[in-house]
Amino acid sequence: MSKLVLFLADGTTLDVPLKRERMTIGRRADNDICLPNLAVSGEHAAVVTILADSFLEDLGSTNGTLVNGVPIAKHILREGDQIDIGRHILVYCVDDDAVLSADYVRQPTRTAIGDLADRVETAKPFIKDVKPGSGSAMRRERAAQNVAASRAEPDGSLPEPNSALPRPPGPRLYETPRRLATIKVSTGLGEPRVVPLTKDQTTLGRSGVQVVRITRIGDAFALTQIEGEHPATVNGDPPQPEGTLLEPGDVIELVGSRIEFVGLT
């Protein structure tokens, strides 16, 4: 299982196993990785894992997401990639057993990108679903205590050590409709047919000949072939066994049909 290693301000690290298909990073307490300071957007970024591959997506954050010092919108993660979110540094590791020293992180470049300066408070992160006694338990406990300290009452008093962490905000009055992706199917007869992908899994093809499945995880789409001796193709290449991430404009050749992945609309 791959993981992220979060480097804390006190020189220690915190392991974050990527054990779910989609894990969010942001300032709000309902994120999987909560980084509660003003440089981080409420829902800043997400890591989506499809089989053996993970990619990082910026969710329209105010200050942006950097990988190895470069701003990204969507990025397939590779071993050792350094992620910079609001001056918090995380490193992607393919091996869950990998151990990184505190001096592994390269010099952050965030201050040269955005005007965060010294107004940004020290990291007080916490990670959802961290069980006491597992892995870096002492570091995790310290992170949780820091979160509690950040919730001090106006008179300076602190909550009880075992009190609950901040609860997610209540339901929104107006929910943003889920965006749909579409494909254009051309069979050589007439105009291409536009087909919306309304389900999390859409199966295309002819049973016993060639069948592929397009799987949606968050705002990402991956194609895998599930039937057929002869491979379908994506831009002329066979799909990867673990799935091929689709980008707008990708062309799928399947059972004599041409299918263009349009993407989210």
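Residues numbered from 1 in each chain as written. Predicted model: local features only at pLDDT ≥ 70, side-chain atom pairs only at ≥ 80, totals over all residues. Heavy atoms only, no water.

## With respect to the overall build of the chain
Part 1 of the argument: Within the chain, the regular secondary structure consists of 2 helices and 21 strands.
Part 2 of the argument: When burial is assessed residue by residue, the chain has 42% of its 265 residues classed as buried.
Part 3 of the argument: Partitioning the contacts of the chain with sequence separation of at least 6, the portion at a separation of at least 24 is 42%.
Part 4 of the argument: A total accessible area of about 14,700 Å² is found for the chain, and carbon and sulfur atoms account for 51% of it. (Helix = DSSP H or I, 4+ residues; strand = E, 2+ residues; numbered from the N terminus. Buried < 20%, exposed > 50% of the residue type's maximum accessible area, 1.4 Å probe, protein only. Contact = heavy atoms within 4.5 Å. Areas by Shrake-Rupley, 256 points an atom, 1.4 Å probe, with all protein chains shown as cover.)

## Thoughts on the pattern of salt bridges
Part 1 of the argument: In the structure shown here, the tally under the stated rule is 4 salt bridges.
Part 2 of the argument: For Lys3, the salt bridge is made with Asp15, and the minimal N-O distance between the two is 3.1 Å. Here Asp15 lies in strand β2 (residues 13-17) and Lys3 lies in strand β1 (residues 3-7), a separation of 12 residues in the sequence. For the pair formed by Lys3 and Asp15, the shared burial category is buried.
Part 3 of the argument: Across the salt bridge formed by Arg28 and Asp30, the nearest N and O atoms sit 3.0 Å from each other. (Salt bridge = Lys/Arg side-chain N within 4 Å of Asp/Glu carboxyl O.)

## Remarks on a negative patch on the surface
Part 1 of the argument: Together, Glu79, Asp95, Asp96 and Asp97 make up a negatively charged patch on the protein surface.
Part 2 of the argument: Structurally, Glu79 is set in the loop between β9 (74-76) and β10 (82-85). (Patch = residues over 30% accessible without salt bridge, like charges linked within 9 Å, V, L, I, M, F, W, Y side chains within 5 Å. Lys, Arg positive; Asp, Glu negative; His and termini not counted. Charge placed at Lys NZ, Arg CZ, Asp CG, Glu CD.)

## Quick notes on the packing of aromatic side chains
Ring pairs (aromatic) are described by centroid distance and by the angle formed between their planes.
Part 1 of the argument: Scanning all chains against the criterion turns up 1 aromatic pair.
Part 2 of the argument: Relative to Phe261, the ring of Phe221 has its centre 5.4 Å away and its plane inclined at 55°; by these criteria the two rings are tilted. Within this pair, whereas Phe221 is found in strand β17 (residues 220-227), its partner Phe261 is found in strand β21 (residues 257-264), the two being separated by 40 residues in sequence.
Part 3 of the argument: Residue class for Phe221 comes out buried when judged on its relative accessible area of 3%.
Part 4 of the argument: For Phe261, a relative accessible area of 2% puts it in the buried group. (Phe/Tyr/Trp six-rings, centres within 6.5 Å; stacked < 30°, edge-to-face > 60°.)

## Focus: the nonpolar core
Part 1 of the argument: Formed by 22 residues in total, the largest nonpolar core has its most connected members in Leu4, Leu56, Ile83 and Ile85.
Part 2 of the argument: Apart from the residues lying within four places of it in its own chain, the contact partners of Leu4 are Leu14, Asp15, Val16, Leu18, Ile25, Ile33, Val47, Ile83, Leu90, Val91 and Tyr92.
Part 3 of the argument: Judged by nonpolar contacts, the second largest core, of 16 residues, contains Leu197, Val212, Leu254 and Ile259. (Core = buried A, V, L, I, M, F, W, Y, C linked by side-chain atoms within 4.5 Å.)

## A look at the sheet that holds strand β15 (residues 201-206)
Part 1 of the argument: The strand order β15-β16-β17-β19 describes an open sheet built from 4 strands, whose pairing is antiparallel. One side of each edge strand has no neighbouring strand; the edge strands of this open sheet are β15 and β19 (244-245). (Pairing = 2+ DSSP bridges.)

## With respect to the sheet that holds strand β11 (residues 88-93)
Part 1 of the argument: Taken together, 6 strands build an open sheet; the order of strands is β2-β1-β11-β10-β7-β8 and the sheet is antiparallel. What marks the edges here is a single partner per strand, and that holds for β2 and β8 (70-72). The average undirected angle you get between the axes of adjacent strands in this sheet is 30°.
Part 2 of the argument: Of the pairings in the sheet, the one linking β10 to β11 comprises 4 bridges and is antiparallel in character. In the sheet register, Ile83 faces β11, and the bridge partner there is Leu90. (Axes fitted to C-alpha atoms, helices over the stretch in contact; angles between N-to-C directions.)

## Remarks on the pairing of β11
Part 1 of the argument: The element β11 is largely enclosed, with a buried count of 6 among its 6 residues.
Part 2 of the argument: Side chains of β11 alternate between two faces, with His88, Leu90 and Tyr92 and Ile89, Val91 and Cys93 buried alike.
Part 3 of the argument: Sheet analysis places β1 next to β11, joined by 5 bridges and oriented antiparallel. By the bridge assignment, Leu6 is partnered in β11 with Leu90.

## A look at the pairing of strand β5 (residues 45-50)
Part 1 of the argument: For β5, the tally of buried residues reaches 6 of 6 residues, placing the bulk of the element in the interior.
Part 2 of the argument: Summarising the sheet, β5 and strand β6 (residues 53-58) pair through 6 bridges and their orientation is antiparallel. If you follow Ile50 over to β6, its bridge partner there is Asp53.
Part 3 of the argument: Turn length for the β5-β6 hairpin, with the two strands adjacent in sequence and antiparallel, is 2 residues, and the turn residue Leu51 shows positive phi of about 55°.

## Things to note about the environment of Pro241
Part 1 of the argument: Structurally, Pro241 can be placed in the loop between β18 (233-234) and β19.
Part 2 of the argument: With a relative accessible area of 75%, Pro241 lands in the exposed category.
Part 3 of the argument: With 190 residues separating them along the chain, Pro241 and Leu51 place their C-alpha atoms 9.7 Å apart.

## Some points on the confidence of the model for the chain
Part 1 of the argument: For the chain, mean pLDDT is 77; residues scoring 70 or higher make up 71% of the total.
Part 2 of the argument: Per-residue pLDDT, averaged within each element of the chain, yields its smallest value for helix α1 (residues 110-113) (42) and its largest for β18 (94).
Part 3 of the argument: For the stretch residues 107-123, pLDDT sits under 50, and the model shows 30 contacts to residues farther than four places along the chain or on other chains.
Part 4 of the argument: Confidence over residues 130-144 falls short of pLDDT 50; this stretch has 14 contacts with residues more than four positions distant or in other chains. (pLDDT = per-residue confidence, 0-100.)

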